[in-house]
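Coordinate analysis (summary)
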Amino acid sequence: MASQSEQHLLSVGKQCSHQTCGLVDFLPFKCQHCEGSFCQEHFMVSAHKCPKYDETKYNRVSPNCPLCNVVVAVRPGQDANEAVENHFLRDCSVMTGKIKTKSTPTCARVRCGKTLFAPIRCNKCNQQFCPAHRFPTDHNCSPTSAAAQNKTTTSLTANSRLLNLNAKASAAGGAAVGAIKTMATNVQAQATASRASAAPAKATQPVPTTAATSSSKSNPFSKTDRRARAERESRRKAMQERAKKGLLSEEEKLALAREEAELAQSGGGKDKKDCVVMNDFTGAVDNSGFSAVHVELSDHMENFTIGHDPLSLERIRGVLVRLEDTIIFSLIERAQFAQNPRIYQRGAFEELTALGFQGSWLEWFLKEIETFHAKARRYTRQGCCPDEYPFTSDLPPPVIPSLKFPKILYPNTINANPSILSFYIRTIVPRITRRATLALAVSKRAQGITGDDEFEDDGNYGSAATIDVEVLQSISKRVHYGKFVSESKFQDDPAAFIPHILDRNRSALAGLITKPEVEQKLLQRLLKKALTYSQDFGPDGEIKPHPNGNGHASVTSKIDVDGVVEFYESFIIPITKEVEVDYLLQRLEGLSEEDIENLKQKKKV
Ligand SMILES: C=C(O[C@@H]1C=C(C(=O)O)C=C[C@H]1O)C(=O)O
């Protein structure tokens, strides 16, 4: 029984209102929602399951738009998804094309994203941070030049933006994750849609080298319009200058690209050309008097319908680096299945013979898939500037008008696909599927199936051939990108190449285009990528450590890592260089001696 003084003390404190607690707390906490008194253990709304707490009124996270990085306001009770969707449709400067007013910057540290009212710029990586992350050690600083940093930021693809977005989502906590995930899905859908519906017509209109032109909507003679045009032109030129220094934000670059496209569409009084001639192949200014204006949008963009310098060696190499990922991941997919040699043997399927098709199962897949892709205008006219080369011939014309790409490559007839297909079937498939093939044989022997039948196949003809086509298309694109490399190097210094082209000196040309340091770095990078991408992860994302046949101990590997490197070293790089030399040998065809002399005088500044 408590004494009198203790009784007195008890009257000072308050009993915890939690139904199972009742502790007398001398410094009780008061819940702002239900106004109950609680001890330290139960004062949180979650601890006493407060009936008066409204989650939507309090725990709201305002997500950042993944495209324009503006904080999207979410009204009390409003679904975050809905708020974000509305932002996309009405306010997002990237989705709507409105030139973005300067938004308040946010902390560049991943999973922070705090709105910065007093940004602190890191003098190493040139990004802006909140006070908590202003030091390089607090924000995983990657010291690069301001321009490169800007470029890196600029070249964020939709996907990498989405990755950042997911990082923000997990940092932002539950309420926003759904909205951000929905937004991420829609961003991808929008990005795909906008890529698919990219208006190529604008990019094909010539861009006059003269000063500002009148837009078709305005009156070219009115003073007000002239001033508006002049302002617009001076703003465009200023942005172009900043673009050259890599100082534009992504949105500004998109705005500039849009400005260029609109200007190109208004086109000026000159006769329209089918193609924007991105280069004068004769060495003289091309007869249209036009030269394209490029805006660097991203180092890795292959989209030739958006103006950027398609012959920048840095951009081209960026595409080759990105294609390494595509090739590795598609090989990882193929490695799941046994070799299934039957799908590469002509006449092995009587069902195909009955259809009148004499080729192999894989050749049938190539024909059917490429027929559909040709109708969807995947293959532009040969020799101009395609970066997609079919493995089959006699394909139908596109059902929609073909894209009028700007002329980038010199007309040529080079197609290395027959060699790529043969090497793939004879060398890559057996090596990359060896583990699955041997595992299949073990399981067949366990069922008493022995001899050749052990190694026959796992019956996944459709899956294996579908992935085969993907691998072949990615290797083909990579190898034929050598043409862009050659055109870029040729334009840098035509005089260095022309004598060897005229002498048909393959080894001298090969010596000019070969960059051993680039190749060496590529093979080192490739090994790291293959090791990383092929790791097996557990349900919690942990790496499943166990030794494997590759000799790279302690990590799992879904693919023959050494095989990937060998494919590049022994085939992909050599055949790329053969394509580069073959392209150069055709580079002067059809040019007069005067044209060739003019070319010799040119040197890229
Ligand atoms: C592609 C280039 O040209 C050559 C081919 C290379 C390749 O196929 O990876 C790499 C360097 C060069 O030897 C280049 O210079 O980047």
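The present account deals with the structure reproduced in this document. (Residues numbered from 1 in each chain as written. Predicted model: local features only at pLDDT ≥ 70, side-chain atom pairs only at ≥ 80, totals over all residues. Heavy atoms only, no water.)

1. Topic: the pattern of salt bridges
Inclusion rule: When a carboxyl oxygen of Asp or Glu lies within 4 Å of a side-chain nitrogen of Lys or Arg, that pair is called a salt bridge. A run of H or I in DSSP becomes a helix once it reaches four residues, and a run of E becomes a strand once it reaches two; helices and strands are each numbered from the N terminus. Between buried and exposed lies partly exposed: a residue is buried under 20% and exposed over 50% of the maximum accessible area for its type, with that area taken using a 1.4 Å probe on protein chains only.
Per the stated rule, a full pass over the model turns up 14 salt bridges. Across the salt bridge formed by Arg334 and Asp468, the nearest N and O atoms sit 2.8 Å from each other. Taken together, the positions of Arg334 in helix α11 (residues 313-334) and Asp468 in helix α16 (residues 461-480) put the pair 134 residues apart, joining distant regions of the chain. Of the two residues, Arg334 and Asp468, neither departs from the other in class, the shared state being buried. Two residues, Lys600 and Glu597, come together in a salt bridge whose shortest N-O distance is 3.3 Å. Highlighted residues: Lys600 and Glu597, both in helix α22 (residues 593-601), separated by 3 residues, approximately one helical turn. Using a relative accessible area of 39% as the deciding quantity, one classes Glu597 as partly exposed. The network of salt bridges with common partners includes Glu324, Asp325, Arg525 and Lys529.

2. Digging into the site of the ligand
The condition that has to hold: For this description, a residue counts as near a given molecule or strand if any of its non-hydrogen atoms is within 4 Å of it. Counting of polar contacts relies on pairs of N or O atoms within 3.5 Å, with two restrictions inside protein: one atom must be capable of donating a hydrogen and the other of accepting it, and residues adjacent in sequence are counted only when both atoms are side-chain atoms. Note on areas: Shrake-Rupley with a 1.4 Å probe; residue coverage comes only from the protein chains shown. When residue character is reported, Ala, Val, Leu, Ile, Met, Phe, Trp, Tyr, Cys and Pro are called nonpolar, Asp, Glu, Lys and Arg charged, and the others, Gly included, polar.
The local shell around the ligand holds 15 residues, among which Arg317, Arg478, Lys489, Lys515 and Glu519 are the closest. Interatomic distance of 2.6 Å between a side-chain N/O atom of Lys489 and an oxygen atom of the ligand. Here the ligand loses 99% of its free accessible area of 350 Å² to cover by the protein chains. Every element with two or more residues in the shell around the ligand is listed here: α11, α17 (482-492), α20 (516-533) and α21 (561-585). It is α21 that contributes the most residues to the shell around the ligand, 4 residues altogether. For the shell around the ligand, the per-class residue count stands at 6 nonpolar, 2 polar and 7 charged.

3. Regarding the nonpolar core
Within soluble globular proteins, side chains that are nonpolar tend to cluster in buried spots. Threshold: What we call a nonpolar core is a set of buried Ala, Val, Leu, Ile, Met, Phe, Trp, Tyr and Cys residues that are connected through their side-chain atoms within 4.5 Å. Contact between two residues is taken to exist if any of their heavy atoms lie within 4.5 Å; hydrogens are not considered.
Formed by 75 residues in total, the largest nonpolar core has its most connected members in Leu331 and Ile420. Take this core: its biggest share by element is 14 residues, from α21. With residues near it in sequence (within four places) discarded, Leu331 still touches Ile428, Ile432, Val471, Ile559, Val564 and Phe567. One finds Cys107, Cys122, Cys125 and Phe129 within the second-largest nonpolar core, a separate group that totals 8 residues.

4. Remarks on α21
Operational definition: A helix is expected to reach a length of 1.5 Å times the quantity of its residues less one. A residue's bend is given by the angle between axes fitted to the 7 residues ending at it and the 7 residues starting at it.
Between its first and last C-alpha atoms α21 spans 35 Å; for 25 residues at 1.5 Å apiece the expected length is 36 Å, and the two agree. If you look at α21, its biggest bend is around 40°, right at Tyr568.

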